[in-house]
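One letter stands for each residue in the lines below.
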Amino acid sequence: MSSQPVPRSLLPDDTTFLESDVLVGGVSLRSLAETYGTPLFVYDEATLRQRARAAREAFSEGVAFASKSFLCGAIARLVVEEGLVIDVATGGELDLVLRAGVDPSRVVVHGNNKLPEELDRVLALGVHRLIVDNDDEIDRLRERLDGSLTVDCLVRVTPGVEAHTHEFVKTGQEDSKFGFTLANGSARRAVEDLRAVPGVRVRGLHFHIGSQIFDVGGFNEALLLVADLVRDTHVEELCVGGGLGVAYVEGESTLTIEEWGRGVRDAARRAGLPESLRLTAEPGRAIVAQAGLTLYRVGVVKDVPQRRYVAVDGGMSDNPRPVLYGSGYEAFDVSDPGAERTQPVRIVGRHCESGDVIIDEAWLPESTGVGSLIATPVTGAYGYSMASNYNRVGRPAVVFVSEGRARLVLRRETLDDLVRLEVDSETGPPLD
Ligand SMILES: *Cc1c(COP(=O)(O)O)cnc(C)c1O
C-alpha cells in the first residue's frame, strides 16, 4: 500500500533519479530500452562488485558465489576477479564457468545426484571443493579413486535447522534430500568413510539452511549443532552456505553482507569453534538481486469492476518467482521515478495463464499507461536463471552498466534460436 515514490534503497547502488528518466551505472534506462528492447535485464556492475567484495571480506578465502542465482560468462568472470570462487551444481553450470575462462581451481561442485560423467569430469579437472552429499556418491568416489588423483571435499551436513523467512524451525527428524543427517551419526560416519578413500582429503563440513533469511538466528542454531562434529573431526573449514535475504518491497529490511559475516563469526566463537577454523559461505541472492532490475513496456491497460490490469511485454517466462513462491515486487515508471504512486494496478505478463502475474497489487503513478516504460527492481536473482521459453517466448537480453557505459552480456533470444532443436527426419533409426 503505497503512494510514495519507489524506495531508493531497493535500486542498485549507482542510481540517479532524473526528472523524466533514471540513470543506473550512469546510463539512461530509457535509452537502454530503446537500444536493446524490452523486456531487458539491467545490472549495475558497481553493485555486483561491491557485494562480491563484501562477501570476500566478511568470510575467509574460499567464499563462493552461488551461480544458480544468476549465471553467464560475464558474472562468472566478475566474481572471480573480486576474489570469490564459484558454486556449480550441474555439468551445465560447470561447463559454462569453464568456457568463461574460470580456472577449475576456483570451482566448487554441489549436487545431490551428480551424474557419473559429471563426477568423472570433476575428478579429472581438479576443482577447489567437491561437496559430498550422500553415501552413493562416496561409493562412486571409491570406485573412481585409486590414489593417483586427489580431491578436496566438504561433507554436506543436515543440521536439523530449516530457516524460513524471518523465523527458523528446528525439525526433530531431518527430512531433506540434501546431505548427511547430523543427529543420527550419518554425518560423522561419512567423514570416516571418506577419509578411507585414497586421494580424498576431507577439508571440512558444509551446511545450507535455506533462503531469504533475515537474521543470524538460524546460523547461530546450526553452528551450535555442528560444533561437536567440527571439533571431533578436526576439520579445518566450515561452510555456512548461502541464504542471506534481500529486501524486495517497501518496508522490508535485511542484514548487510558485512553484518551477516560478523554475526556468523560471533556465533562460531560462542559455539566454541576453534579460532583457526576457516569460515566460508556461498551467497547468491545477496550478491546479484539488488544489482539487477527488469525493464518492461506496457502494452495493454484493462479495467474490470474489481481492478485495473496492466499487461507488460514479459511475464512468468522472465520472472517466475511470483508464480512459484508468491513473491512480491515493486514497480515504478521510468519516465517519472519521483512521482507518487497512487494508481493501484495488477501487473501481468503476456502468457496464456491467469496466474501469469508479476505484481498482484502494484502502485504506479497516475500518468502510467499504454506505452509507458516501467521497471521492477531487485530482479537480479533467480529471474534470468529460472527464465523459460514458455509460449515460445525468447529470453530477454541482459546488459551490464558501469560508469556511463552499457555492454550487452547476453543477447535476446531470436525466433531462430527457438527452433534450433527441431529435427527434420520423419522416422528415426531402428532401436534394438
Ligand atoms: C541456493 C544455494 C545457495 C545460495 O542461496 P541464496 O539464497 O541465493 O544465497 C547456496 N548454497 C547452496 C547449497 C544452495 O543450494
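Please read all numbers here as calculations on a predicted model, not as lab measurements.

## Focus on the overall build of the protein chain
And then number 1: Across its full length, the protein chain carries twelve helices and 23 strands.
And then number 2: Over its C-alpha atoms the protein chain spans a radius of gyration of 23 Å, differing by no more than 12% from the 22 Å that the globule rule assigns to 432 residues.
And then number 3: In terms of overall dimensions, the protein chain has a C-alpha envelope of 70 × 65 × 45 Å along the principal axes.
And then number 4: Looking at the 432 residues of the protein chain, the share that counts as buried comes to 54%.
And then number 5: A separation of at least 24 residues holds for 69% of the contacts in the protein chain among residues at least 6 apart in sequence.
And then number 6: Carbon together with sulfur atoms contributes 48% to the accessible area of the protein chain, which is approximately 19,000 Å² in total.

## Points about the side chain of histidine 206
And then number 1: Within the secondary structure, histidine 206 sits in strand E13 (residues 200-206).
And then number 2: Of note is the side chain of histidine 206, whose polar atom sits 2.5 Å from the side chain of glutamate 282.
And then number 3: Once residues within four sequence positions are removed from consideration, histidine 206 is found in contact with His110, Ile131, Leu154, Val155, Arg156, Val157, Leu238, Cys239, Gly241 and Glu282.

## Here we look at helix H6 (residues 135-144)
And then number 1: Within H6, burial applies to Glu137, Ile138 and Leu141. Along H6, the residues classed as buried sweep out an arc of 105° about the axis, all on the same side.
And then number 2: Considering only its buried residues, H6 is in contact with helix H5 (116-125), strand E8 (129-132), strand E12 (180-181) and helix H7 (186-195).
And then number 3: N-cap assignment for H6: the residue whose side-chain oxygen lies 3.2 Å from the backbone N of aspartate 136 is asparagine 134.

## Describing the domain arrangement of the protein chain
And then number 1: Here the domain parsing of the protein chain yields domain 1 (8-44 + 290-418) and domain 2 (110-282).
And then number 2: Domain 1 and domain 2 are separated by 35 Å when their C-alpha centres are compared.
And then number 3: On the domain 2 side, the residues contacting the seven residues of domain 1 number five residues.
And then number 4: Taking both sides of the interface into account, the surface hidden between domain 1 and domain 2 amounts to around 610 Å²; carbon and sulfur atoms contribute 55%.
And then number 5: Summed over the shared surface of domain 1 and domain 2, the result is one salt bridge.
And then number 6: Measuring nitrogen to oxygen at the nearest pair gives 3.7 Å for the salt bridge that ties arginine 341 to glutamate 250.

## Focus: the site of the ligand
And then number 1: Within the structure, the ligand sits among 13 residues, and Lys68, Ser211, Glu282, Arg285 and Tyr382 are positioned closest to it.
And then number 2: Contact between the ligand and glutamate 282: a nitrogen atom at 2.8 Å from a side-chain N or O atom of the residue.
And then number 3: Between the ligand and the protein, one listed contact pairs an oxygen atom with a side-chain N or O atom of tyrosine 382 at 2.6 Å.
And then number 4: About the coverage of the ligand: the protein hides 92% of its 390 Å² of free accessible area.
And then number 5: Here the shell around the ligand is composed, by residue class, of three nonpolar, six polar and four charged.

## Observations concerning the layout of surface pockets
And then number 1: Space inside the second largest pocket adds up to approximately 420 Å³.
And then number 2: Among the residues forming the lining of the second largest pocket, the class breakdown is six nonpolar, three polar and eight charged.

## Considering unusual backbone geometry
And then number 1: Look at the link from threonine 38 to proline 39: it is a cis peptide, with omega at -10°.
And then number 2: Here proline 39 shows up in the loop between helix H1 (29-36) and strand E4 (40-44).
And then number 3: For histidine 234, which is not glycine, the phi torsion reads 55° and is therefore positive.
And then number 4: Tracing the chain through its elements places histidine 234 in the loop between helix H8 (217-233) and strand E14 (237-239).
And then number 5: A relative accessible area of 67% places histidine 234 in the exposed class.
And then number 6: The phi dihedral of glutamate 403 falls on the positive side, at around 50°, and the residue is not glycine.
And then number 7: Assignment of secondary structure puts glutamate 403 in the loop between strand E22 (397-402) and strand E23 (405-410).

## Side note on the sheet that holds strand E3 (residues 27-28)
And then number 1: Taking strand neighbours across the sheet as the criterion, the three strands line up as E1-E2-E3 in an open arrangement whose pairing is antiparallel. Edge positions in the open sheet fall to strand E1 (15-17) and E3, since each of these has one partner strand only.
And then number 2: With three bridges joining them, E1 and strand E2 (residues 22-24) adopt antiparallel strand pairing. Its bridge partner being in E2, phenylalanine 17 is matched across the sheet by valine 22.

## Considerations on helix H2 (residues 45-58)
For an α-helix the count is 3.6 residues per turn, leaving residues at separations of three or four pointing the same way.
And then number 1: Here H2 is 14 residues long and its end C-alpha atoms lie 20 Å apart, about the 20 Å a rise of 1.5 Å per residue gives.
And then number 2: For H2, the set of buried residues is Glu45, Thr47, Leu48, Arg49, Arg51, Ala52, Ala54, Ala55 and Ala58.
And then number 3: Against E4, helix H3 (73-81), helix H9 (257-270), helix H10 (285-288), E22 and E23 lie the buried residues of H2.

## Let's talk about a nonpolar patch on the surface
And then number 1: A cluster of nonpolar side chains, namely Leu324, Tyr325 and Met386, defines an oily patch on the protein surface of about 310 Å² accessible area.
And then number 2: The topology assignment puts methionine 386 in the loop between strand E21 (373-377) and E22.
And then number 3: Under the relative-accessibility criterion, methionine 386 is labelled partly exposed at 30%.

## Thoughts on the side chain of arginine 156
And then number 1: Residue placement: arginine 156 occurs in strand E9 (residues 151-158).
And then number 2: Of the side chains with opposite charge, aspartate 133 comes closest to the buried, unpaired arginine 156, at an N-O distance of 4.5 Å.
And then number 3: When sequence neighbours within four positions are dropped, the list of residues in contact with arginine 156 reads His110, Ile131, Val132, Asp133, Phe178, Gly179, Phe180, His206 and His208.

## Looking at the nonpolar core
And then number 1: Counting 105 residues, the largest nonpolar core has Ile75, Leu223, Leu238 and Ile347 as its most contacted members.
And then number 2: When residues in this core are grouped by element, the largest group, seven residues, is from H8.
And then number 3: Beyond its immediate stretch of four places on either side in the chain, leucine 223 contacts Phe207, Leu238, Val240, Val264, Ala267, Ala268, Ala271 and Leu273.
And then number 4: Counting 20 residues, the second largest nonpolar core, distinct from the first, contains Val24, Val334, Leu373 and Ala375.

What counts as what
Residues numbered from 1 in each chain as written. Predicted model: local features only at pLDDT ≥ 70, side-chain atom pairs only at ≥ 80, totals over all residues. Heavy atoms only, no water. Helix = DSSP H or I, 4+ residues; strand = E, 2+ residues; numbered from the N terminus. Rg over C-alpha atoms; globule rule 2.2 N^0.38 Å. Buried < 20%, exposed > 50% of the residue type's maximum accessible area, 1.4 Å probe, protein only. Contact = heavy atoms within 4.5 Å. Areas by Shrake-Rupley, 256 points an atom, 1.4 Å probe, with all protein chains shown as cover. Polar contact = N/O pair within 3.5 Å; in protein donor to acceptor, adjacent residues only side chain to side chain. Arc of directions from axis to C-beta. Domains from an automatic or database assignment. Buried area = accessible area lost by both parts, 1.4 Å probe. Salt bridge = Lys/Arg side-chain N within 4 Å of Asp/Glu carboxyl O. Near = heavy atom within 4 Å. Nonpolar A, V, L, I, M, F, W, Y, C, P; charged D, E, K, R; others polar. 1 Å grid on protein atoms, 1.4 Å probe; cavity = no way out; pocket = protein on both sides within 12 Å on 5 of 7 lines; lining within 4 Å. Points joined across faces, edges and corners; volume = space filled by probe spheres on them. Pairing = 2+ DSSP bridges. Expected span 1.5 Å × (residues − 1). Patch = residues over 30% accessible without salt bridge, like charges linked within 9 Å, V, L, I, M, F, W, Y side chains within 5 Å. Lys, Arg positive; Asp, Glu negative; His and termini not counted. Core = buried A, V, L, I, M, F, W, Y, C linked by side-chain atoms within 4.5 Å.

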